[in-house]
Amino acid sequence: MGHREDLLRGAKECLVEKGFVRTTARDIVKASGANLASIGYHYGSKDALLTQAFIELISDWGDAFTGGLAGEGGSLDRFRSVWEGVHAGHEESGPIWAASLEVALTRDGLPELRRLLAASQDEGRRGLVSMFTGVPEDRLEEGDLRTLGTFYQALLNGFMIQWLFDAGSAGTPAELTEGMRRAAELMAKGAGAGTPGKAAAAPVDEVPVDEVPVDGAAGEVSVDAPDAPDAPDAGPAA
């Protein structure tokens, strides 16, 4: 293993143990056995190295459970399966999410690190959309990342904040799935009833063809689970 790999391993260890804010270049050098000059040579800066380490930690976290996901992409079964995987590993991944939150909470501090992390968001959204919908990452488009990607990312960040704040009161996979089912059902009913003084929304089968995503785009995965006879019963809230 060369210095580049050693540095990445050391940076990942430091992120888990100390987070972004408290990790110094010397901490990474000590954990990796490399030297200070090698950080600049291989990664350009400590912040760039930490950002790459964060991306790899998130990728490792996702890889740990995505191979065993159940249900068809876009279904409630898949939705619940993803959250079961997230929940099963939330203790191990907690320090990673805490590290990203501390950067967000610095507001105007750490501008370079914030810029690098913001630039990596699309990569994370791409993985999330593929995980929930089953659409290969290389077939996703910018619109998928900006809509489905930000939606799933908001759910994930919200779950992690709940768990970090108080694990005992955080939502469970069953509760999140039932919440998704109820929200989709309410939106479907609202679209069918229409808003007083406004025309009701057109049924899905009446939407013009040129407005419907084609060619396997993630956007075509419809949330029709509330009407499906085999939608899983999430049971009572834990």
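Residues numbered from 1 in each chain as written. Predicted model: local features only at pLDDT ≥ 70, side-chain atom pairs only at ≥ 80, totals over all residues. Heavy atoms only, no water.

The subject of this paragraph is the pattern of salt bridges. A full pass over the atoms with the stated rule returns 11 salt bridges. Here Asp 122 ties to Arg 125 by a salt bridge, and the two come within 3.7 Å at their closest N and O atoms. One end of the pair, Asp 122, and the other, Arg 125, are both in helix H8 (residues 121–133), three residues apart, so they sit about a helical turn from each other. According to the relative accessible area criterion, Asp 122 is partly exposed, its value standing at 29%. Salt bridges sharing partners connect three or more residues here, namely Glu 178, Arg 181, Arg 182 and Glu 185. (Salt bridge = Lys/Arg side-chain N within 4 Å of Asp/Glu carboxyl O. Helix = DSSP H or I, 4+ residues; strand = E, 2+ residues; numbered from the N terminus. Buried < 20%, exposed > 50% of the residue type's maximum accessible area, 1.4 Å probe, protein only.)

Moving on: the nonpolar core. In terms of nonpolar packing, the biggest core is built from 43 residues, with Leu 15, Phe 20, Leu 49, Val 86 and Leu 156 touching the most fellow members. The greatest single-element share of this core, amounting to eight residues, is contributed by helix H4 (residues 46–66). Ignoring sequence-local partners within four residues, the contact set of Val 86 consists of Trp 61, Phe 65, Leu 156, Phe 159 and Met 160. (Core = buried A, V, L, I, M, F, W, Y, C linked by side-chain atoms within 4.5 Å. Contact = heavy atoms within 4.5 Å.)

Residue placement: Gly 89 occurs in the loop between helix H5 (76–88) and helix H6 (90–104). Residue Gly 89 is classed as buried on the basis of its relative accessible area, which comes to 16%.

Take helix H1 (residues 3–22) next. With 20 residues, H1 extends only 22 Å from end C-alpha to end C-alpha; this falls clearly short of the ideal 28 Å at 1.5 Å per step. Residue Val 16 marks the point of greatest curvature in H1, where the axis turns by about 85 degrees. Check the buried side of H1 and you find it contacts helix H2 (25–32), helix H3 (36–43), H4, H6 and helix H7 (111–119). (Expected span 1.5 Å × (residues − 1). Bend = angle between axes of the 7 residues up to and from the residue.)

Further remarks concern the packing of aromatic side chains. Enumeration according to the criterion identifies eight aromatic pairs in this entry. Measuring from centroid to centroid gives 5.6 Å for Phe 79 and Phe 132, while their planes differ by 45 degrees, and the two rings are tilted. With Phe 79 in helix H5 and Phe 132 in helix H8, this pair connects stretches of sequence that are 53 residues apart. Of the two residues examined, Phe 79 and Phe 132, each falls in the buried class. Seen from their ring centres, Trp 83 and Phe 159 are 5.8 Å apart, and the 55 degrees between their planes marks the pair as tilted. Of this pair, Trp 83 sits in helix H5 while Phe 159 sits in helix H9 (residues 142–165), and the two are 76 residues apart along the sequence. Under the relative-accessibility criterion, Phe 159 is labelled buried at 3%. (Phe/Tyr/Trp six-rings, centres within 6.5 Å; stacked < 30°, edge-to-face > 60°.)

This part takes up helix H10 (residues 173–193). Given a rise of 1.5 Å per residue, 21 residues ought to cover 30 Å, and the 30 Å separating the end C-alpha atoms of H10 matches this to within 8%. Among the residues of H10, those classed as buried are Pro 173, Ala 174, Thr 177, Glu 178, Met 180, Arg 181 and Ala 184. Down the axis, H10 shows its buried residues gathered within 155 degrees of arc, on one side only. Opposite the buried face of H10, at more than 90 degrees from it, the exposed residues are Leu 186, Met 187, Lys 189 and Ala 193. Its buried side turned inward, H10 meets H5 and H9. (Arc of directions from axis to C-beta.)

The analysis is restricted to geometry; functional conclusions fall outside its scope.
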